[in-house]
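Chain by chain, the residues:
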Amino acid sequence: MTQRALDSFGEQPDPLRPPPPPAPPGGLSTSEVAERVARGEINDVPVRSSRSVTEIIRANVLTRFNLIIGVLWAIMLFVAPIQDSLFGFVIVANTGIGIVQEWRAKKTLDSLAVIGEAKPTVRRDGVSAEVSVSEIVLGDLIELGPGDKAVVDGTVSEADNLEIDESLLTGEADPVVKRPGDPVMSGSFVVAGGGAFTATKVGREAYAAQLAEEASRFTLVQSELRSGISTILKYVTWMMVPTAIGLIISQLVVKDNNFKDSVARTVGGIVPMIPEGLVLLTSVAFAIGVIRLGRKQCLVQELPAIEGLARVDVVCLDKTGTLTEGGMDVTEVRPLNGSDEGYVRRVLGALGASDPRPNASLQAIIDAHPDGEGWTVTQTLPFSSARKYSGAAFTEGDGRSSAWLLGAPDVLLASDHPALAETGQLNEQGLRVLLLARARDALDAPDAASGAEPTALVVLEQRLRPDAGETLAYFGDQNVAAKVISGDNAVSVGAVAQKLGMPGAEHALDARRLPSDRDDMASQIERNAVFGRVTPQQKRDMVAALQSRGHTVAMTGDGVNDVLALKDADIGVSMGSGSEATRAVAQIVLLDNSFATLPSVVAEGRRVIGNITRVATLFLTKTVYSVLLAILVVCFQVEYPFLPRHLTLLSTLTIGVPAFFLALAPNKERAQPHFVRRVMRYAIPSGVIAAAATFTTYLVARHHYAGTGALDAETSAATLTLFLVSMWVLAIIARPYTWWRIALVAAMGLCFLVVLAVPWLQDFFALKLVGSVMPWAAVGIAVVAAAVLELTWRAVGRRFRS
C-alpha cells in the first residue's frame, strides 16, 4: 500500500457526508452517541479472528480430491457391492472430523480473541472509559497513551508531546510528532507522550482505513508445511491423470473382463493414488494444537504460527515483562553532590504526578513517593525508548522554576563521570538504577540532557518471574539459543540473567558498541547472549541480522519498544498485559502473561510439524506404490490386482488409524526445512519397493493359480505382501518405540489376522489365502522387501543426515 494512498485515508473528506467537527473536550454526550448509533455511524467492521462456519465447511468439502472420490464413489455404489464403496464412507467421516475439529478451534480462537481484544479509552460526558472497538462511533474522542494503537482514522484534538510511529504503514522509521489538527491513521501506535483524537472514519465507510489496519496487524506466516503439501498434491494430480487414463483403457478396453468387475478394479487402482487423509490430518493437527494452547490461555492469531514455532532456533527475549514481572520496587534513593534527601523525594513525587500514564519504573517511584502536590507542571518530556529518559519542568511551591530529567545514568552522564562507578556496582547486583538530574536547558532543547547536574540515584529492584529460570533451561535443552535484548543497562541485564542461570550472561554486551554492518552484527549476536541499551530500531536490526544467517527467530515482548522487532520476527509473541500495539502485531499472545507457557507453545509446534512429516511419508508411500502398480498393470496387460475393498482395508490398518495416533503424539524434535524433499526421499523408495514386491507376488501367483477363483487367490496373495511391506514402513516411521507405539503396530497386525481368520470377514473383504505354497512365498517376498526397505532407509538417513 503506497504512502500516497495511506495519506488519502487520513485526509480526504467523505464526499457523501462532511467530516464531524472536532469533539468537545468532554467528548460526545450519551444522546449524541445514541444518535450516531441510530444512524449506523458505528465501527461495525467485524474483528478478523478465524474462518466462519460456512467457510470451514466449504474448505473441507469442496476440494479437488473430494470431487474425484465423490464421482468414483457414486459409480461404485451402482456397479459393485457395498464393501467396494467403503472408501466413500471413510472420506465422509474424515471430512466430518475435519469440520468438527476446525469448528472447535474456531470457538477457542474467538473466545480468546474477545479476552485479548484491544479496549480503547473513549471520553464521553467528560468521563473516560474503556469500550470495545465495535462500540466506537463517528466523532468519538479517543484517548491515546504510550503503546496504544489507533483503531480508526481520525484527527488529533489534544497532544501532549504526542509521538506516533507509522512505520508499519509507511515504512518511515522515525516517530512523527503530532499536533492538533494532524491526521491519525489506524494501525499506527503511540511511542511517547499522550493526547486524544476525534474519530473521522469508522466502520465500513472507513474500509480503506481498515485495510491499513489489517496490513499492520496480520502478516501471513510462511508455512512450508502448507505450501509443501500443496506442491505434493499438484504433482500427485499430474501423475494421476495419465496413469488413471491408461488404467481405464487397460481394464475396460484391452482386457475383455466382466464390465462391473473391470470398473471396480479400475476404481480400486485410482482411489489409493489420492493422499486424501493427508490434508485432513494436517488441519486436524493444527486445530487440536489451537485447542490445546487455548486451554493454556495462549491465543494463536494465525494458525501457521504453530508450525513456525517448531522451526525456531533463536528466541529473543525482552527482559522487562518477560524474565521479570512488570512491577518494580524502589529500594533506595541515594542523593548525590550533597543534595537534600527530602527535596529529592519531593522532586520524585512531582515527577510521578506529572505523568498521567507512567511506565513501570515511574509507577514504582509514585508508589514510594506519592506526595506530588504543590508544584505546578509547566512542561513535560515523555519517556522514549530511543532517548532513555523523561523529564518535566515545574514552578515549585515557593515560586522557583526547575526542570528535571529522569533516566539512564550512562545516557545522561559523560562516560567518565564518577557517579557511574557507583551505578555500575548496583547494576552488577541486578538492580536497575535511574538518575535524577537537574536540566540546565529547556526540555525542548535539541539536547536537553547536555550539562545536566546529577542529583540522586534511584535504585529499583525488579521482580524475577519464578518460572523464568526453568523456561530458559528448557530452551537450552532443546538447542534453542536464547538472546536477552533489553533497553536497560547491559550489566544490570546480565546480572538478572545470571540469577536465572542463563549461560553466557556474564558477558553482557552494550548494544551501542554493536557494529552497524549486518554480517558483523550477526556474528556478535551469535557469540553473545545478553545485550543492553538496545534501541527499538536496533532490536529490529538484530532480528534481521539473525535471519540473514538462516536462523528462524521468535521475539517476545510487551512494550511499545518491542513492536518493530515483533513485526519482523518469524514469530512474534506478546504478553497479554502488553501494549495494544504489541498484541496487534504478534502472532501469539500469552493472555495469562506467563513466560512458562512458551515451552508448551514450542512443543506444540514441534508436535504438529514433526508428526505431519512422519505421517506424510505414510500417505505418499501409498500414492507412489499405487501409481507404479497401475503403470505395471498397463505395461503387462493384466487385471488390476485389487478391488477397492482391499485397499480400503490396507489403508485403514497401515495408514489411516496409525497416522491419526502418530499425528497427535508428543514430538520434541525441532522441525527441519525442505519438507517436500525430506518426505519424498523416503516415500519414493518405499513406494517403489512396495510396488515391486507386490507385483512380483502377483505375477508369481498368476503362474501358480489356475481355473475358477484364480484371480481372487492371486489378489489375496498380493494383498498379503503389500500389507506386510506397508506394516514394515509403519514400523520404521513409528520409531523411536514406546510401549504405545509398539502396541499400535501390533494391534494393526492383529486386526489383519482377524480378517484372514474369520470366515464372514474373509467373504466381506474377498480375502482367502489358498494353499500354503503361495502364501508363504508372499511372506518370503515381503521379508526380502522389508530387508531392502531397512537398508534403503538407513542409506538415505546417512546421506541426508541433517
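Just so we're clear, the structure is a prediction, and the values are computed from it rather than from any experiment. (Residues numbered from 1 in each chain as written. Predicted model: local features only at pLDDT ≥ 70, side-chain atom pairs only at ≥ 80, totals over all residues. Heavy atoms only, no water.)

Student: How would you explain the packing of aromatic side chains if you had to name every residue and give the values?
Tutor: Tallying each qualifying case throughout the model produces 10 aromatic pairs. For the pair Phe660 and Phe661, a centre-to-centre distance of 6.2 Å together with 90° between the ring planes defines the contact as edge-to-face. In this structure Phe660 comes out as partly exposed when scored by relative accessible area, which is 32%. One aromatic cluster is present, built from ring pairs that chain together Tyr343, Trp375, Phe394 and Trp404. (Phe/Tyr/Trp six-rings, centres within 6.5 Å; stacked < 30°, edge-to-face > 60°. Buried < 20%, exposed > 50% of the residue type's maximum accessible area, 1.4 Å probe, protein only.)

Student: Break down the nonpolar core for me, citing the residues and quoting the values.
Tutor: Nonpolar side chains in soluble globular proteins tend to end up buried together. If you look at the biggest cluster of nonpolar residues, it comprises 125 residues, and the most contacted ones within it are Met502, Ile588 and Phe752. Top element by residues in this core is helix 22 (residues 598–636). It accounts for 16 residues. Setting aside residues no more than four positions away along its own chain, Phe752 makes contact with Leu649, Leu650, Leu653, Thr719, Leu720, Phe723 and Leu767. The next biggest cluster of nonpolar side chains, apart from the first, holds 27 residues, and it includes Ala192, Leu514, Ala565 and Val585. (Core = buried A, V, L, I, M, F, W, Y, C linked by side-chain atoms within 4.5 Å. Helix = DSSP H or I, 4+ residues; strand = E, 2+ residues; numbered from the N terminus. Contact = heavy atoms within 4.5 Å.)

Student: I'd like a description of a nonpolar patch on the surface, backed by residues and values.
Tutor: A contiguous nonpolar patch, built from Val53, Ile57, Val61, Leu62 and Trp103 and spanning about 440 Å² of accessible area, is present on the exposed surface. At 3 residues, helix 3 (residues 53–61) tops the list of elements feeding residues into the nonpolar patch. (Patch = residues over 30% accessible without salt bridge, like charges linked within 9 Å, V, L, I, M, F, W, Y side chains within 5 Å. Areas by Shrake-Rupley, 256 points an atom, 1.4 Å probe, with all protein chains shown as cover. Salt bridge = Lys/Arg side-chain N within 4 Å of Asp/Glu carboxyl O.)

Student: Go over the pattern of salt bridges, please, and point to the residues and values.
Tutor: The tally for this structure, following the rule as stated, stands at 21 salt bridges. Here Glu143 ties to Arg123 by a salt bridge, and the two come within 2.9 Å at their closest N and O atoms. Of this pair, Glu143 sits in strand 3 (residues 141–144) while Arg123 is found in strand 1 (residues 121–124), placing the two residues 20 residues apart along the sequence. We classify Arg123 as buried; its relative accessible area is 13%. Salt-bridge contacts for Asp488 lead to Arg432; the nearest nitrogen and oxygen are separated by 2.8 Å. With Asp488 in the loop between strand 16 (481–485) and helix 17 (490–499) and Arg432 in strand 14 (residues 432–438), this pair connects stretches of sequence that are 56 residues apart. By the burial criterion, Asp488 is buried, and Arg432 matches it. Here the salt bridges do not stand alone but share partners, grouping Asp410, Asp510, Arg512 and Arg533 into one network.

Student: Can you tell me about the packing of helix 22 against helix 24 (residues 675–704), naming the residues and giving the values?
Tutor: Interaxial distance between helix 22 and helix 24 falls to 7 Å at its minimum, and their mutual angle equals 40°. One finds that helix 22 runs oblique with respect to helix 24. Remark: the crossing between helix 22 and helix 24 carries right-handed chirality. Looking at the contact of helix 22 with helix 24, its residues break down into 21 nonpolar, 6 polar and no charged. (Axes fitted to C-alpha atoms, helices over the stretch in contact; angles between N-to-C directions. Parallel < 35°, antiparallel > 145°, perpendicular 65-115°, else oblique. Left-handed = near helix turned anticlockwise from the far one by under 90°. Nonpolar A, V, L, I, M, F, W, Y, C, P; charged D, E, K, R; others polar.)

Student: How would you sum up helix 16 (residues 468–477)? Please name residues and give values.
Tutor: Along helix 16, the residues classified as buried are Ala468, Thr471, Leu472, Tyr474 and Phe475. Burial along helix 16 is one-sided: seen end-on, the buried residues are contained in an arc of 155°. Among the exposed residues of helix 16, those pointing more than 90 degrees away from its buried face are Glu470 and Asp477. The inward-facing, buried residues of helix 16 abut strand 9 (314–317), strand 16 and helix 22. Count one or two residues on from helix 16 and you reach Asn479, which has phi positive near 60°. (Arc of directions from axis to C-beta.)

Student: Break down the sheet that holds strand 21 (residues 588–590) for me, citing the residues and quoting the values.
Tutor: Pairing is mixed in the open sheet, where 8 strands are placed in the order 8-21-20-19-9-16-18-17. Pairing within the sheet leaves two strands with one partner each, and these edge strands are strand 8 (298–300) and strand 17 (509–510). Direction of pairing for strand 17 relative to strand 18 (residues 530–532): parallel, over a ladder of 2 bridges. Each bridged residue has a counterpart across the sheet, and for Leu509 the counterpart in strand 18 is Phe531. Its contacts with the sheet place helix 19 (residues 536–548) against strand 9, strand 16, strand 18 and strand 19 (553–557), and it is angled at close to 160° to strand 19. (Pairing = 2+ DSSP bridges.)

Student: Please provide a residue-by-residue account of the environment of Asp44, values included.
Tutor: Tracing the chain through its elements places Asp44 in the loop between helix 2 (30–38) and helix 3. Its relative accessible area of 33% is what places Asp44 among the partly exposed residues. Taking the C-alpha atoms as reference points, Asp44 and Val137, 93 residues apart in sequence, are found 9.1 Å from one another.

Student: Explain the environment of Ala196 to me, and be specific about the residues and the numbers.
Tutor: Along the chain, Ala196 falls in strand 7 (residues 189–201). C-alpha of Ala196 to C-alpha of Pro180: the two residues are 16 residues apart in sequence and 9.0 Å apart in space. For Ala196, the residues in contact, after removing those within four places along its chain, are Arg123, Leu141, Ile142, Glu143, Leu144, Val156, Ser157 and Glu158.

Student: Please provide a residue-by-residue account of the pairing of strand 19, values included.
Tutor: It is a general feature of regular strands that their side chains alternate between the two faces of the sheet. Taken across its 5 residues, strand 19 has 5 buried, putting it largely inside the fold. On strand 19, burial covers both faces: Val553, Met555 and Gly557 on one face and Ala554 and Thr556 on the other are all buried. Of the strand pairs in this sheet, strand 9 and strand 19 are connected by 4 bridges, and their pairing is parallel. Within strand 19, the position partnered with Val315 by the bridge is Ala554. Following the backbone out of strand 19, through helix 20 (residues 563–568) and into the adjacent parallel strand 20 (residues 571–575), one traces a crossover that is right-handed. (Right-handed = clockwise from strand over helix to strand, strands pointing away.)

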